[in-house]
Amino acid sequence: MNPYDFVRVDWENPPKRRGLVGHNTLDGLHGTVKCRLIAETPLFMPNPPDKNKRQNANAPCEFLQNSEGKYFIQGSSLKGMLRSVVETVGPGCWALFGGKHQKRLPREFSRCNNSDRLCPACRLFGVVNGKMVHYRGRVGVDDAICDSRISHDPIYTIILSNPKPDHEPWYLTDGKVAGRKYYFHQGSISTLDDWKESGAGKKQNQYITPLHKDSAFTFQVVFQGLDNEELALLLYALFLEDNMRHKIGSAKPAGLGSVKIEPEEMTLIDFRSRYKDRSEPTILDGDRLKDYIKEKTAIYRENDSITMQDLRRIWHWPPHYERCAYPSQEWFSKHGAEPISKT
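Okay, so let's go over this structure. Everything numeric here is computed off the predicted structure, so don't read it as measured data.

Owing to its 3.6 residues per turn, the α-helix brings residues three or four apart onto one side. Relative to the 21 Å expected for 15 residues at 1.5 Å per residue, helix α2 (residues 75–89) spans 21 Å between its end C-alpha atoms, a close match to the ideal helical length. Every buried residue of α2 is accounted for by G75, L78, M81, L82, R83, V85, V86, E87, T88 and V89.

Next comes the structure, spelled out in structure tokens:
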């Protein structure tokens, strides 16, 4: 089984674009969501390349640490993960899509380039598009700090392949982009016993020290000026459904990086009502918070589009598959024209 598949796009349902909202607005909902992220499989966030180079060449790459020596997941990584979900289910524009297949993308799904017509993802998370439009967005994500670390022995990963969009039988369907790429969850991780070298002696895999499953992190999401639709979309991107999990970090094809995000506390502020009626912020936690999230996200949990069907299938938890692996060169030599479903 190939370690990833594509979430199909409902091409008849393009992004709903609206004008940007100023950051000084009192309209809409403002607040914070405190979250807990729990590793369901081993998890690895690599140190920056320059720090890795300073390590002993034979030593494993270590998990990312901040200036206080605490293990953490960068807020930018979490934000990117959440944005991908928003772009998928929103739907949003294809902000990072390029290359020769760009012309296969319907114009309605192209990257936002007008501040009066921003897709849901760009309105929430921002957009930088040359001289066309610059917008910071209205959702911020803090670093996730590890407060419960469970050690894992160093491992040699399998060979982790780069994307190959030139392989048209997989990346195109009926002349259009096949969809958005998502990695399956796996019941076990795949490792090697040592380095795997190419014929030229180049190392093709990685030697890393991940954190073990059940390691836990806390982080906070801050939002401002969201309407009810935008808040619902953000909450779905954060918490998904009971039988789904996110994927984040390195070595996702090897089965690493499956995580669960749980809500701990949410503060909601409606500034218009607060100044008019002197009302206090609403603080939700426990079952009250879970019920609020379920009510808000029902529109997505009840959605049975091809997009939602595929996302639920690929990110299903517990995993449908014990282990996945890229097809061999021999398979490609015999089945190079076959679609990804044949793997």
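Attention now goes to unusual backbone geometry. The omega angle of the peptide bond from G90 to P91 is -10°, so this bond is cis rather than trans. Mapped onto the fold, P91 is located in the loop between α2 and α3 (120–125). Of note, the amide linkage connecting W317 to P318 takes the cis form, showing an omega dihedral of 5°. In this structure, P318 sits in the loop between α9 (306–314) and α10 (329–335). Backbone geometry places D214, a non-glycine residue, at a positive phi of 80°. Locating D214 in the fold gives a position in the loop between β13 (207–208) and β14 (216–226). For D214, a relative accessible area of 45% puts it in the partly exposed group.

A word on the pattern of salt bridges. A side chain with one charge may pair with a side chain of the opposite charge, provided their charged atoms come close. Inspection of the entire model under this criterion finds 16 salt bridges. A salt bridge links D227 to R18, with the shortest nitrogen-to-oxygen separation between them at 2.8 Å. Taken together, the residues span a long stretch of sequence, with D227 in the loop between β14 and α5 (228–239) and R18 in the loop between β1 (4–7) and β2 (29–39) at a distance of 209 residues. When the shortest N-O distance is used, the salt bridge between E40 and R245 registers 2.6 Å. Linking E40 in the loop between β2 and α1 (49–54) with R245 in the loop between α5 and β15 (246–247), this pair joins segments that are 205 residues apart in sequence. Residue E40 shares its accessibility class with R245, and that shared class is buried. Look at the salt bridges and you will find they share partners, linking D5, R8, D310 and R313 into a network.

Our focus in this paragraph is the nonpolar core. Most often, soluble globular proteins have nonpolar side chains that are buried together. In this structure, F219, F223 and M266 are the most contacted members of the largest nonpolar core, which totals 78 residues. By residue number, the principal contributor to this core is α5, which donates nine residues. Ignoring any residue separated from it by four or fewer positions in sequence, one finds F219 in contact with V33, K34, C35, L37, L78, V141, D142, D143, A144, L238 and I261. F6, A178, Y183 and I340 belong to the second-largest nonpolar core, a separate cluster that totals eight residues.

Before going further, it helps to spend a moment on the environment of I189. Within the secondary structure, I189 is located in the loop between β11 (180–183) and β12 (191–192). When the C-alpha positions of I189 and G255 are compared, they lie 4.5 Å apart, and in sequence the two are 66 residues distant. Ignoring sequence-local partners within four residues, the contact set of I189 consists of P42, H152, I155, A254, G255, L256 and R323.

Rules used throughout
- Residues numbered from 1 in each chain as written.
- Predicted model: local features only at pLDDT ≥ 70, side-chain atom pairs only at ≥ 80, totals over all residues.
- Heavy atoms only, no water.
- Helix = DSSP H or I, 4+ residues; strand = E, 2+ residues; numbered from the N terminus.
- Expected span 1.5 Å × (residues − 1).
- Buried < 20%, exposed > 50% of the residue type's maximum accessible area, 1.4 Å probe, protein only.
- Salt bridge = Lys/Arg side-chain N within 4 Å of Asp/Glu carboxyl O.
- Core = buried A, V, L, I, M, F, W, Y, C linked by side-chain atoms within 4.5 Å.
- Contact = heavy atoms within 4.5 Å.

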